Each structure stands twice: as structure tokens, then as C-alpha cells.
Amino acid sequence: MNFGETLLAYWPILTAAMAMLWWFSRAISSLENKTDRMDERLKDSESKITQLFTFFNEMTNRRLNKLDRLEDKEK
């Protein structure tokens, strides 16, 4: 059996293998893009959460300061 006969005999298998390789590479590329987008969203969420904690801490400090001033007035 020479090369031409081998190709004729196994062309469906070779075509399916090439299609699977193409599909796998496409799927992996798509997953990498989704992972990158999720990383960006996580960074954005992380900064928003940090800002919320900062606001909460500032609000708590203002309330404590106000309470201290009220206690000082009572004395």
C-alpha cells in the first residue's frame, strides 16, 4: 500500500482527527478569553469592595467621633 492508497483508505479518520484538533484549539482559545475577562471583572469587583470598606470605616469613625463629642459635652 502506498501513500495515496493509505490516504484514500483513512481519509475519514484523518478528517475527523483534524476537525477534533481544530475544535479543541478553538475551545481552549475561547476559555482563555473568558478567563481573562473574569480576571478583569474580579479586579474591578475587588476595587469596589475595597472602596465600600473604606466608606464603611469612614462612616464608623465619624459616628464614633460624634459619640465622643456628645460624651465630652455631657461631662
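Helix and strand content of the protein chain: 1 helix and 0 strands. For a compact globule of 75 residues, the expected C-alpha radius of gyration is about 11 Å, and the protein chain comes in at 32 Å, more than 25% above that figure. For the C-alpha atoms alone, the extent of the protein chain along its principal axes is close to 105 × 10 × 10 Å. Counting every position in the protein chain, which comprises 75 residues, the buried fraction comes to 0%. Carbon together with sulfur atoms contributes 63% to the accessible area of the protein chain, which is approximately 7500 Å² in total. The average position of the 12 basic charges and that of the 12 acidic charges among the side chains of the protein chain differ by 8 Å.

Another aspect to go through is the packing of aromatic side chains. Each aromatic ring pair is specified by the distance between its two centres and by the angle formed by the two planes. Applying the stated rule across the entire model yields 1 aromatic pair. An angle of 55 degrees between the planes, with centres 5.4 Å apart, marks the rings of Trp-23 and Phe-24 as tilted.

Where nonpolar side chains cluster on the molecular surface, the patch consists of Met-1, Phe-3, Leu-7, Tyr-10, Ile-13 and Leu-14 and spans about 690 Å² of accessible area. Mapped onto the secondary structure, Phe-3 falls in helix 1 (residues 3–74).

Turning our eyes to something else, we now look at a negative patch on the surface. Judged by side-chain charge, Glu-32, Asp-36, Asp-39, Glu-40 and Asp-44 come together as a negatively charged surface patch. With respect to the helices and strands, the residue Asp-36 is situated in helix 1. Overall, the relative accessible area of 43% leaves Asp-36 in the partly exposed class.

Criteria and thresholds
- Residues numbered from 1 in each chain as written.
- Predicted model: local features only at pLDDT ≥ 70, side-chain atom pairs only at ≥ 80, totals over all residues.
- Heavy atoms only, no water.
- Helix = DSSP H or I, 4+ residues; strand = E, 2+ residues; numbered from the N terminus.
- Rg over C-alpha atoms; globule rule 2.2 N^0.38 Å.
- Buried < 20%, exposed > 50% of the residue type's maximum accessible area, 1.4 Å probe, protein only.
- Areas by Shrake-Rupley, 256 points an atom, 1.4 Å probe, with all protein chains shown as cover.
- Lys, Arg positive; Asp, Glu negative; His and termini not counted.
- Charge placed at Lys NZ, Arg CZ, Asp CG, Glu CD.
- Phe/Tyr/Trp six-rings, centres within 6.5 Å; stacked < 30°, edge-to-face > 60°.
- Patch = residues over 30% accessible without salt bridge, like charges linked within 9 Å, V, L, I, M, F, W, Y side chains within 5 Å.
- Salt bridge = Lys/Arg side-chain N within 4 Å of Asp/Glu carboxyl O.

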